[in-house]
Amino acid sequence: MRGTGLRFRINTFLALALAFNTALWFATHDTQARWGGVPPVPTKNGAKIMTLGDEQFSYRFGAMTLQNLGNSGGRVTAIKDYDYSKLGEWFWLLHGLDPASNHVPMMAAYYFGGTQVPEDVAVVVKYLAAVGQNPVGNKWRWLAHAVFLARHRMESPAVALDLAYILSRMQPIGDVMPAWARQMPAFVLADRGEKESARKIMEEILMTATDMHPNEVNFMREYLTKDLGVPAQEVQQIINMRGSDLMRDPDAPSKTLPALMP
Amino acid sequence: MISRPLIGFILTAALRDKLVMTLMLMILLGAGVSVFLGSSGMTEQESFAIVFGAGGLRFLGVLGIVLFVSFYMRRSFETKEVEFLLSRPISRMTFLFSHALAFSVIALAVAATVVAAVYFLGNPNIGGLVVWGLSIASENVIIATTALFFSMVLSSAAGAALATLGFYVLCRLIGMLIGIAAQPPENVVFALLNNLMDVISVIVPRLDMMGQTSWLVYGVEGAGGITLDEKASAYSTALVDMLGAPGFILAQGAIFVALLLAAAAFDFVRREF
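About the criteria used
- Residues numbered from 1 in each chain as written.
- Chains lettered and ligands numbered in written order.
- Predicted model: local features only at pLDDT ≥ 70, side-chain atom pairs only at ≥ 80, totals over all residues.
- Helix = DSSP H or I, 4+ residues; strand = E, 2+ residues; numbered from the N terminus.
- Rg over C-alpha atoms; globule rule 2.2 N^0.38 Å.
- Buried ≥ 20, exposed ≤ 12 C-beta atoms within 10 Å, placed from the backbone.
- Contact = placed C-beta atoms within 7 Å.
- pLDDT = per-residue confidence, 0-100.
- Nonpolar A, V, L, I, M, F, W, Y, C, P; charged D, E, K, R; others polar.
- Axes fitted to C-alpha atoms, helices over the stretch in contact; angles between N-to-C directions.
- Parallel < 35°, antiparallel > 145°, perpendicular 65-115°, else oblique.
- Core = buried A, V, L, I, M, F, W, Y, C linked by C-beta atoms within 7 Å.
- Expected span 1.5 Å × (residues − 1).
- Left-handed = near helix turned anticlockwise from the far one by under 90°.

(A) Layout of the overall build of chain A. Counting secondary structure elements, chain A contains 13 helices and zero strands. Its helices and strands taken in sequence order, chain A reads α-α-α-α-α-α-α-α-α-α-α-α-α from the N to the C terminus. In terms of overall dimensions, chain A is more spread out than a globule: its C-alpha atoms have a radius of gyration of 29 Å, far above the 18 Å expected for 262 residues. On the principal axes, the C-alpha backbone points of chain A span a range of 110 × 35 × 35 Å. In chain A, buried positions account for 36% of the 262 residues. Of the contacts formed within chain A by residues at least 6 apart in sequence, a portion of 64% connects residues at least 24 apart.

And the structure:
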């Protein structure tokens, strides 16, 4: 077979192949792969082997996978459809690969922490509480977020109070923890109706904390009088005891406040 | 032991092979992809771009070197170029060492390009980048010499390239493999395999201890440097303490390149053309 006949057959074959390809495209172009849920968590060694032993690359790859989990290829997955027990295992795996990064804690707090199922929030709270107890790198913020989630999303004031006490006792390295973090147990106690205990904590801070910004003192005065019902005269007496400390330059660098005892 | 004209000839061949241009384009493309991937991160976007870029370009550089060395060497054998060169006043050792040096120059040029690309990807820790670049340079030279060794021993270019890449993967994973082998065995077979793995690891460089992308994000000390576990011997501890991360990287590169060249020379002087 030569010349025109061969060319005709090749052209016909090409046209048929293109037609079949187009027919297949009609069947597949609007089809998406079904999401199989949160994938099983590899071991730390398994995760490292997948990236030829580079731990940081493994962390970044896993973090990006977690960020896009269920939300890729035009697909969107509702937070309630995630398996939080597996998500928790992913959090811990990635925490083991890089405990210094804030990417996974941020996703856990601000994205996965948005769930309305208390049992699922508990997974996030447990993770953030552990991450937040690292004294370096501003990690106490994640512990504060864990208190918030435990108190408002998990509806567990007891857990929130325990975490709040841990937060108030923290001594961050290379960072100044603000007064509101030290006052956290008082806020949780007041929320539980234990106003007397909350008052004791606030008064103790007001009396003993040094180098406090005047705005902080004013906030505590307002909180004690309006929220906890302490007579204004009593609050003023405590403030008077602070004396010259209130006269300091508000822009001067301040030190970390002393830890509270529960 | 070194022939300058031969080195110039090999470097010219690399330029004519479009290796340099292709690698530059691939490195630019890889850097662009890593910036794109990094920018999709919710936070720490620069760290994502640096880590993805460094990890990806490290492998890309090794791949380019392995493919060039393997196919260049096998083509030289098949076109009788090796026999022609050896008919000139060039000894077999001069031929071997000149090739090793020329390939090392190419490996160092690739490492320098990758380091420059990583520098422009974001704001890496400068101390970490220096040590990382040093380790990538050392790794590239080791792999170029390994590819030279395999392409002189094996008769297929694809086989030599695959053997070298397989060896590279083994080098990157050897730390974890000997870690697993150090676990108490469940039975006699596992005990034998563990011992076999220990023996193999004698001639495998610890590339897992080199080129850690965490150095680029946190610095060498911030990322823990080269850490030894509690079972490390006094000899290991003293060696790492004495050399430090840069010293260890250079010492490993020099020792392993010497071993590979000795093995290649052992084979080459016995070969009949």
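(B) The overall build of chain B, seen in detail. When helices and strands are counted, chain B shows 10 helices and zero strands. Taken from the N to the C terminus, the helices and strands of chain B come in the order α-α-α-α-α-α-α-α-α-α. In terms of C-alpha radius of gyration, chain B reaches 20 Å, essentially the compact-globule figure of 19 Å for 273 residues. Each of the 273 residues in chain B was classed as buried or not, and the buried ones make up 41%. Pairs at least 24 residues apart make up 77% of the contacts formed inside chain B by residues separated by at least 6 positions.

(C) Region of interest: the confidence of the model for chain B. Chain-level pLDDT for chain B is 90 on average; 97% of the residues reach the 70-or-more range. With a pTM of 0.84, the predicted complex shows an ipTM of 0.87.

(D) Focus on the environment of P118(A). Residue and element names in this part refer to chain A. As for its placement among the helices and strands, P118 is situated in helix α6 (residues 118-131). The exposure class of P118 is partly exposed, given the 14 C-beta atoms found within 10 Å. Residues P118 and H152, spaced 34 residues apart in sequence, show a C-alpha to C-alpha distance of 9.8 Å. In this view, P118 contacts M154 and E155; residues no more than four positions away in its chain are not counted.

(E) Main features of the interface of chain B and chain A. Taken together, the contact pairs 20 residues of chain B with 19 residues of chain A. For the side of chain B that touches chain A, the secondary-structure elements that each account for two or more residues are α3 (45-78), α7 (157-181) and α9 (214-218) of chain B. Examining the composition of the side of chain B that touches chain A, we find that five residues originate from one element, α7(B), more than from any other. Split by residue class, the side of chain B that touches chain A holds 10 nonpolar, seven polar and three charged.

(F) View of the environment of A107(B). Residues and elements named next belong to chain B. For A107, the location among the structural elements is in helix α5 (residues 92-121). Taking the C-alpha atoms as reference, A107 lies 26 Å from F84; in sequence the two are 23 residues apart. If near-sequence neighbours (up to four positions away) are discounted, A107 is found in contact with I65, N140, V141 and A144.

(G) Structural detail: the packing of helix α7 (residues 140-152) of chain A against helix α10 (residues 184-191) of chain A. Residue and element names in this part refer to chain A. Their axes nearest at 12 Å, the elements α7 and α10 cross at an angle of 5°. Compared by their axis directions, α7 and α10 come out roughly parallel. Between α7 and α10, the residues in contact are A144, V147 and R151 and M184, V188 and D191, respectively.

(H) Region of interest: the nonpolar core. With 73 residues, the main nonpolar core has I65(B), V69(B), V118(B), A144(B) and L148(B) as its most contacted residues. Looking at this core, the elements that each hand over two or more residues are α3 (55-67) of chain A together with α2 (19-39), α3, α5, α6 (126-153), α7, α9 and α10 (234-268) of chain B. No other element matches α3(B), which puts 15 residues into this core. Not counting the four nearest positions on each side in its chain, A144(B) is found in contact with I65(B), V69(B), F103(B), S104(B), I106(B) and A107(B). If you look at the next biggest cluster of nonpolar residues, it comprises 62 residues, including L149(A), L163(A), M170(A) and M177(A).

(I) Local environment of helix α1 (residues 3-28) of chain A. Taking 1.5 Å per residue, 26 residues should reach 38 Å; α1(A) reaches 38 Å between its end C-alpha atoms and fits that length. Little of α1(A) is tucked away, with zero of its 26 residues classed as buried.

(J) Up close: unusual backbone geometry. A positive phi is found at L52(A), a non-glycine position, where the angle reads about 55°. In this model, E44(B) sits at a positive phi of 50°, which is unusual for a non-glycine residue. Examined against the element boundaries, E44(B) turns out to sit in the loop between α2 and α3.

(K) Representation of α3(A) in the model. With 13 residues, α3(A) ought to run about 18 Å at 1.5 Å a step, and its terminal C-alpha atoms sit 18 Å apart, in line with that. Burial of α3(A) is extensive: 10 of the 13 residues sit out of reach of the surface. Here the buried face of α3(A) lies against α2 (44-50), α4 (84-97) and α5 (103-110) of chain A together with α3 and α9 of chain B.

(L) Here's a closer look at the packing of α5(B) against α10(B). Residues and elements named next belong to chain B. Two numbers describe how α5 lies on α10: the axes approach to 10 Å, and their chain directions differ by 145°. Considering only the axes of α5 and α10, their crossing is right-handed. Two secondary-structure elements touch here, α5 through R92, M93, L96 and A100 and α10 through L261, A264, A265 and F268. Partitioned by chemical class, the residues of the contact of α5 with α10 number seven nonpolar, no polar and one charged.

(M) Looking closely at the environment of G55(B). Structurally, G55(B) is set in helix α3. Judged by local crowding, G55(B) falls into the buried class, with 25 C-beta atoms found within 10 Å. Between the C-alpha atom of G55(B) and that of Q212(B), which follows or precedes it by 157 residues, the distance is 8.5 Å. Once residues lying within four places of it in the same chain are set aside, the contact partners of G55(B) are T51(A), D54(A), F57(A) and T213(B).

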